[in-house]
Amino acid sequence: MDIQFYNTLTNRIEPFQPGEPPLVTMYNCGPTVYDFGHIGNFRAFVFADVLRRFLELAGYDVKQVMNLTDVGHMTEDQLADGGGLDKMQLAGQRLKESKKSGKAAVENPDDPYQVAQFFIDAFIQDAKTLKLKVANEYPQRMPRATQHIAKMQDLIRKLIEKKHAYVASDGAVYYDVQSFPDYGKLSGNTLDKLIGGAGGRVDEAAQSSKKHPADFLLWKPDPRHIMKWDSPWGTGYPGWHIECSAMAMELLGREVIDIHTGGEDNLFPHHECEIAQTRGVTDCPQFARYWMHTRFLLVEGEKMSKSKRNFYTVRDVLEGKVSGKPVDPAVLRYELLKTHYRSNMNFTAKGLEDSASAVRKLRDAAEWWEREAGGAIAEIDLNHPILGAFAQNLGDDLNMSGALGVAFKWLSEWKGSAAESLGVLKKIDSVLAVLPDSHAGSGVEPAIAEKCKALDAARAGKDFASADRLRKEIQDAGYEVMTTKQGTTARKKLA
Ligand code: AMP
Ligand code: ZN
């Protein structure tokens, strides 16, 4: 099938042609593990997952790598060369405070590895809850930066050899942006625009020792730093950008990869610097063939920030902090994927309600067809008109609203057999991933199914007090109670 994506590198929609089809190599800038992931982060990660699932539906074999950044992030990452305080240390301090108030998260908050592992575990749990496939490939495809220091040092050594990097008078190793004529091509932040610290993008303190204000840090010797490794340039730690160049090359095993993703804030300096580093080593005309960036998630129209108190983690949303009642993970996933990735997404309580009703419709249809088909399911491929139209919309730069439009129109009009419909729906859900894993009783626990039976028996015996009590018990367990011709059934409330 024809697929085209918007490539940030060329600012154009381009036909998608991976280097070695049917293989697609994809690298996603993953989370910093200094805190719980927020729903904005997860918008970027759900996008990467949808992209992978769509490419798999289209017949590709996707090798996906998403890193875990557990070192190198400073509080002033927006500066070309980084700076400020180490975020891992700050995270440890926060955990220490929570330990004081009785909520012990880790044994020793002064140990950055324990702090990182705590937030990695939380991330993997959230990612599995939101059905991110890559989370099932942890740790093989989800590398921790601290486990790839040797590869980073290898790249830095090669960059120095090839005169793309130098040791400055302050002892740190910097990338020499003037040695790489394509610097600025991705973000538009070309060197002439960056001279003189345009836009506050360079750190004044480091200027005196650098050749150009936009030169960025590769290695910082600092023996007192909380995480440190020996190196030819002194005991210290790597810059943030070199981590992704190293892990992408090492884990994808290629000098040129097919797709690289990240949020819009990753464009500069992070991805610009990744390109300069990787191409500086490989001399290839490209690092990633396609660069894809998700726009930010906003909350009720405003930027998400702690100070505005509109900052939500996945757990906050699922526990009901936004809507006042628990939310099914499939509803949050649907909410995060339904807006086109190149538009800002506005996260609202109303949006969650709409997503709950969309997921409910898909689940009801699956349940209905499953009952009707009695275990049969047709083998469906992209030649099917509905699945084909759904996929074609996604092939158009992931036009999700077009694809969902096809799915819901079909649900309201389609007259095919149950087994065929179920086959189509399951393939659509291979991308959406909002149906329960098993439809047996629609995910109703055996104890609840027993209560439904008992409720019918109580009603038949005119024991209305028991019937009312049972109904309340089922509802209190998070289910809706429905009376059907076949008797009482229950289904999980979504939001
Ligand atoms: P971080 O953990 O801060 O490195 O962010 C992880 C990923 O989430 C990066 O790709 C960011 O670009 C992305 N990201 C951060 N905030 C948002 C947001 N509000 N909306 C969408 N993506 C975001
Ligand atoms: Zn990255």
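Here the residue numbering is sequential within each chain, running from 1 through the sequence in written order. Note on labels: chains are lettered from A, ligands numbered from 1, in written order. Reporting in this predicted model follows two pLDDT cut-offs: at least 70 for local features of residues, and 80 or more for side-chain atom pairs to be given and counted; totals over whole chains, interfaces and linings ignore these cut-offs and use all residues. With hydrogens and water set aside, each side-chain value is computed from the structure's full complement of heavy atoms.

A. Quick peek at the side chain of E335. Every helix listed is a DSSP run of H or I at least four residues long, and every strand listed is a run of E at least two residues long, numbered separately from the N terminus. Structurally, E335 is set in helix α10 (residues 329-337). Polar side-chain contacts of E335 include one of 2.9 Å to the side chain of K338. If near-sequence neighbours (up to four positions away) are discounted, E335 is found in contact with M345, N346, F347, T348, G351, L352 and S355. Definition of a polar contact: a pair of N or O atoms within 3.5 Å, with one able to donate and the other able to accept a hydrogen when the atoms are protein atoms, and with sequence-neighbouring residues admitted only if both atoms are side-chain atoms. Whether two residues touch is decided by their heavy atoms; if any such pair falls within 4.5 Å, the residues are in contact.

B. Local environment of the packing of aromatic side chains. Whether two aromatic rings pair depends on their centres lying within 6.5 Å, for rings of Phe, Tyr and Trp, where Trp uses its six-membered ring; planes under 30 degrees apart make the pair stacked, over 60 edge-to-face, and the rest tilted. Scanning the entire structure with this criterion turns up 19 aromatic pairs. Put simply, the rings of F5, F16, Y60 and Y290 touch in pairs and so form one group of aromatic residues. One residue, R342, lies across the ring of Y341, its end atom 6.0 Å from the ring centre. Placement of a positive charge over a ring is assigned whenever Lys NZ or Arg CZ falls within 6 Å of the ring centre and within 35 degrees of the normal to the ring plane.

C. Main features of the coordination of the zinc ion (ligand 2). At this site the zinc ion (ligand 2) is bound by C29 (SG), C244 (SG) and H270 (NE2), with donor distances of 2.0 to 2.2 Å. Only nitrogen, oxygen and sulfur atoms qualify as donors, and only when within 2.8 Å of the metal (3.2 Å in the case of Na, K and Ca); with water excluded, sites may look incomplete. Between consecutive donors of the zinc ion (ligand 2), the numbers of intervening residues give the motif C-x214-C-x25-H. Here H270 lies in helix α8 (residues 267-282) and C244 lies in helix α7 (residues 240-252), a separation of 26 residues in the sequence. Both residues of the pair, C244 and H270, count as buried. Exposed residues in this analysis have more than 50% of their type's maximum accessible area, buried residues have under 20%, and partly exposed residues fall in between, with area computed by a 1.4 Å probe over protein chains only.

D. Seen up close, the pairing of strand β1 (residues 4-7). By definition, two strands form a pair when at least two bridges between them are found by DSSP. Pairing of β1 with strand β2 (residues 12-15) involves 4 bridges; the strand directions are antiparallel. For F5, the partnering residue across the bridge sits in β2 and is E14. In textbook terms, the turn of a hairpin is the stretch between consecutive antiparallel strands, and for β1 and β2 this stretch comprises 4 residues, one of which, N11, has a positive phi near 55°.

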